[in-house]
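Inside the fold
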Amino acid sequence: MKTLADLKKIREKAQEEMKLRGGNVRIKIVVGMGTSGIAMGAREVMKTFLEEIANRNLTDVLVTQTGEKGLSSMEPVVDLIEEGKPKVTYGNMTPDKVKKVVVEHIVNGRTVSDYVVATGN
Amino acid sequence: MKYYRSHILVSINETSIAAGVHGFIQALRNELAKADLTDEINILETGPLGFFGRGICITVYPENVSYEAVKVEDISELVQDHFLKGRPVKRLMLDAVNKFSPNFNYANRIVLRNSGIIDPENIDDYIGAGGYEAWEKALTQMQPADIVAEVKKSGLRGRGGAGFPAGVKWSFTAPLEAPQKYVVVNADEGEPGTFKDRLIMEGDPHQLLEGIMICARAIGATKAYIYIRGEYKLCISRLELAIKQAKEYGILGTNIFESGFDLDIMIKIGAGAYVCGEETALIESLEGNRGNPRWKPPFPGVKGLWQAPTVVNNVETLANVPFIIAKGAEEYMKYGTPECTGTKVYTILGDVAHPGLCEVDMGTTLRTIINEYAGGMKKGFRFKAALVGGAAGVILPDRMLDVKMDFSSLNQYAAVLGSGAILVMNEHQSIVDMLWSILRFFRHESCGKCSPCKNGTQQLYRLITKIKKGEGTMDDVDLMHTIAETMLHTSFCALGQSPIMAIRSAIENFRDEFIAITKK
């Protein structure tokens, strides 16, 4: 059971955490997990991200999920968010493409322009 | 420092390396040397150029012309025409016009502002994004009458199709004295082609819960039901989780935040009948009966679920409420048009380049929605018509592309906004086929309670099948119109009153097509 004061604390903590995600975590990976996304293989995409990150011992990366952004025809859609950089949205992702994004974008810092569907949104 | 009159920026990345950028640069240097331009033009190897093109991409300064997918074979043309004579090679230029850069319109979203950003399965994410602020305000700082007044003032209209003002609906139920009142959420999204509610519930389930809570407080309901389609498995599990989390936090339950207000939200899974989207049939189904509509009046606002006063609202309608309460009606009225405030979520499908969803201001034209949010038509196709609002919607021809999409503007053209599905058809699609498919749907979904609908949908299907086969006459076409018109005046509920819209718009806008297919 929470009081209103608790709720306020949770809100502040959550907001702080959202900020921290930008500080301690270098890159936040957000996988679109709506029905369309899942139907197009978002679960496999998410799993591959987690596997690749574990294999490479990447500790400054956070994987999370969200609902749909709007491009059902380009699902699975993945956002890569880095502090101080425009958000990069990858579309039509597959496990193989994920592997390339992990190597190129997350490890080497080069956007894989072939898979990009939008930036900054 | 050497002065160059021009710089060529070559993007070096995985894509361009795979396309042979190093060989390309060597060849370019050779060609420039051959043309004696080495002292005038500089080649710079660089990273991203600020756009995402195919293959090897280059940008030429000071003109700021960008080329994509350039190959070694193109070099002599580039050097001769552009670098020597200053005429950019149009053939290779980055096609900014055809290049679709999706616009998610996050800056102007209300209902889906968190979808695609927060984790829908984590209540803290929603709270961190300002969630449950409105609930706190509604519970501790506002009286029920204030909430109703605020929603009324915002001009929020029901998003299920009919567009009835939500605040007015609430104001019928709020003053009634009753031992029990209910809020029922219509999440039985059955209109073909519509999936906006699914996205709202999947992407931000807590926002719907917050909307329900505020509505319950406004009308004095202590129980709420979400009537949801059985197919929406992900929505159901996320909503169940969201309710559980809200209960753990004491945002939902008994004596919420010591205010003495109790509320419980339950989920009822529907079995997929189209008629159960009609509010009284929905209530019947919720009570465990066959989903047949009830006689109105009394309206559900007075006698609804188990004869208790009940407000039935669409998912999208309620999802707008937290914003109105948190930010105020004035802020909400900045979106949309004066008569139709707020935003609308559309699902765009059919022959567009990028089907999907968008949330835009009320009053945005069909042309803008198709071109900006769906990437225009599929390559090689022309726009012919759009079925707006699902089966109970209208077929809009190309001359209606610039009509503002909101309840009142469309009304002037005897059209409706409906549920927000936009099905785009190309010039090869047949309107007769489309109408056949709509009428087959109505025949299948008629509940059979009243004769005009039961027999009417059957006869409409028979006539359109005959016309489709090429065996019909123009008399049959006119008969269809007459039957549908009779159904409009005599049917028991909205289902039987709906086929006229698709039929009338098809016949009026595409009469030639009917003339062509019928016997003389």
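The structure we're discussing is the one just above.
Reading the values: the criteria
- Residues numbered from 1 in each chain as written.
- Chains lettered and ligands numbered in written order.
- Predicted model: local features only at pLDDT ≥ 70, side-chain atom pairs only at ≥ 80, totals over all residues.
- Heavy atoms only, no water.
- Helix = DSSP H or I, 4+ residues; strand = E, 2+ residues; numbered from the N terminus.
- Buried < 20%, exposed > 50% of the residue type's maximum accessible area, 1.4 Å probe, protein only.
- Contact = heavy atoms within 4.5 Å.
- Areas by Shrake-Rupley, 256 points an atom, 1.4 Å probe, with all protein chains shown as cover.
- Lys, Arg positive; Asp, Glu negative; His and termini not counted.
- Charge placed at Lys NZ, Arg CZ, Asp CG, Glu CD.
- Salt bridge = Lys/Arg side-chain N within 4 Å of Asp/Glu carboxyl O.
- Disulfide = S-S within 2.5 Å.
- Pairing = 2+ DSSP bridges.
- Arc of directions from axis to C-beta.
- Axes fitted to C-alpha atoms, helices over the stretch in contact; angles between N-to-C directions.
- Phe/Tyr/Trp six-rings, centres within 6.5 Å; stacked < 30°, edge-to-face > 60°.
- Left-handed = near helix turned anticlockwise from the far one by under 90°.
- Nonpolar A, V, L, I, M, F, W, Y, C, P; charged D, E, K, R; others polar.
- Buried area = accessible area lost by both parts, 1.4 Å probe.
- Parallel < 35°, antiparallel > 145°, perpendicular 65-115°, else oblique.

**Observations concerning the overall build of chain A**
- On a plain count of helices and strands, chain A comes out with four helices and five strands.
- When the helices and strands of chain A are listed from N to C terminus, the series reads α-β-α-α-β-β-β-α-β.
- When each of the 121 residues of chain A is scored for burial, the buried share is 50%.
- The long-range fraction of contacts in chain A, counting pairs at least 24 apart against all pairs at least 6 apart in sequence, stands at 64%.
- Counting every atom, chain A has about 5,600 Å² of accessible surface; 51% of that belongs to carbon and sulfur.
- The centroid of the 19 positive side-chain charges in chain A is displaced by 3 Å from the centroid of its 16 negative side-chain charges.

**Overview of the pattern of salt bridges**
All names here are of chain B.
- A full pass over the atoms with the stated rule returns 33 salt bridges over all chains.
- The residue Lys153 makes a salt bridge to Glu330 at a minimum N-O spacing of 3.2 Å. A residue pair is termed long-range when its members are at least 10 positions apart, and Lys153 in helix α6 (residues 144-154) and Glu330 in helix α13 (residues 329-332) qualify at 177 residues.
- Residue Lys153 is classed as partly exposed on the basis of its relative accessible area of 43%.
- Within the structure, one salt-bridge network assembled from shared partners comprises Arg159, Lys196, Asp197, Glu316 and Lys344.

**Re the state of the cysteines**
Residues and elements named next belong to chain B.
- Counted by the stated rule, this structure contains zero disulfides over all chains.
- In this model Cys215 remains outside any disulfide bridge; the closest cysteine sulfur is found in Cys235, 20 Å from its own.
- There is no disulfide at Cys235, and the cysteine sulfur nearest it, in Cys276, is 18 Å away.
- Judged by relative accessible area, which is 0%, Cys235 ranks as buried.

**Section: the pairing of strand β1 (residues 6-11) of chain B**
Residues and elements named next belong to chain B.
- Counting buried positions over the six residues of β1 gives five, a clear majority of the element.
- In terms of strand pairing, β1 meets strand β2 (residues 41-46) through six bridges, oriented parallel. The residue of β2 that forms the bridge with Ser11 is Thr46.
- Where β1 lies against strand β3 (residues 58-61), four bridges are found, and the strand directions are antiparallel. Within β3, the position partnered with Val10 by the bridge is Ile58.

**A short note on helix α3 (residues 75-84) of chain B**
Residue and element names in this part refer to chain B.
- Taken as a whole, α3 has its buried residues at Ile75, Leu78, Val79, His82 and Phe83. Along the long axis of α3, the arc covered by the buried residues comes to 115°, so they all point the same way.
- The inward-facing, buried residues of α3 abut β1, α2 (21-34), β2, β3 and β4 (65-67).
- Where α3 ends, the next residue or the one after it, Gly86, has phi of about 80°, a positive value.

**Observations regarding the sheet that holds strand β8 (residues 310-314) of chain B**
All names here are of chain B.
- Strands sit in the order β7-β6-β5-β8 across an open sheet of four strands; the sheet is parallel. Here the strands that pair on one side only, and so sit at the sheet edges, are β7 (264-270) and β8. Direction aside, the axes of adjacent strands within the sheet are offset by 20° on average.
- Where strand β6 (residues 223-229) meets β7, seven bridges bridge the pair, whose relative direction is parallel. Across the sheet, the residue bridging to Ile226 is Ile267, located in β7.
- Helix α10 (residues 233-248) contacts β6 and β7 of the sheet and is inclined by roughly 170° relative to β7.

**Quick notes on the packing of aromatic side chains**
Residue and element names in this part refer to chain B.
- All told, the structure shown has 14 aromatic pairs over all chains when counted by the stated rule.
- Residues Trp135 and Phe261 carry aromatic rings whose centres are separated by 6.1 Å and whose planes lie at 65° to one another, so their mutual orientation is edge-to-face. With Trp135 in helix α5 (residues 133-140) and Phe261 in the loop between α10 and β7, this pair connects stretches of sequence that are 126 residues apart.
- Since its relative accessible area comes to 0%, Trp135 is described here as buried.
- A relative accessible area of 11% means that Phe261 is categorised as buried.
- Ring centres of Tyr274 and Phe442 lie 6.1 Å apart, and the angle between their planes is 75°; this geometry places the pair in the edge-to-face category. Here Tyr274, found in the loop between β7 and α11 (279-286), pairs with Phe442, found in helix α16 (residues 431-445); they are 168 residues apart in sequence, far enough to count as distant.
- In this structure Tyr274 comes out as buried when scored by relative accessible area, which is 12%.
- One aromatic cluster is present, formed by Tyr182, Tyr225 and Trp306 through successive ring pairs.

**Some details on the packing of helix α8 (residues 196-203) of chain B against α10(B)**
Residue and element names in this part refer to chain B.
- Two numbers describe how α8 lies on α10: the axes approach to 8 Å, and their chain directions differ by 35°. When the axes of α8 and α10 are compared, the crossing they make is left-handed. Contacts from Arg198, Met201 and Glu202 of α8 reach α10 at Leu234, Cys235, Arg238 and Leu239.
- Within the contact of α8 with α10, the residues separate by chemical class into four nonpolar, no polar and three charged.

**Side note on the environment of A:Ile10**
Residue and element names in this part refer to chain A.
- Relative to the assigned elements, Ile10 resides in helix α1 (residues 4-23).
- Since its relative accessible area comes to 12%, Ile10 is described here as buried.
- Along the backbone, Ile10 and Leu62 are 52 residues apart, and their C-alpha atoms lie at a distance of 21 Å.

**Details of the interface of chain B and chain A**
- Listed by partner, the interface residues are 47 residues for chain B and 41 residues for chain A.
- Here chain B and chain A share an interface that buries about 3,800 Å² over both sides, 56% of which is from carbon and sulfur atoms.
- In this structure, the connection of chain B to chain A is made through three salt bridges.
- The partner of B:Glu133 in a salt bridge is A:Arg11, and the shortest N-O contact between them spans 3.7 Å.

**Details of the packing of helix α17 (residues 451-468) of chain B against helix α18 (residues 474-490) of chain B**
All names here are of chain B.
- It is the contact of α17 with α18, at a shortest axis distance of 10 Å, that shows an interaxial angle of 165°. As the angle between them shows, α17 and α18 are arranged roughly antiparallel. Both α17 and α18 take part in a crossing whose hand is left-handed. Taking contact as the criterion, the partners of Pro452, Cys453, Gly456, Thr457, Gln459, Leu460, Leu463, Ile464, Lys466 and Ile467 in α17 are, on α18, Asp476, Val477, Leu479, Met480, Ile483, Ala484, Met487 and Thr490.

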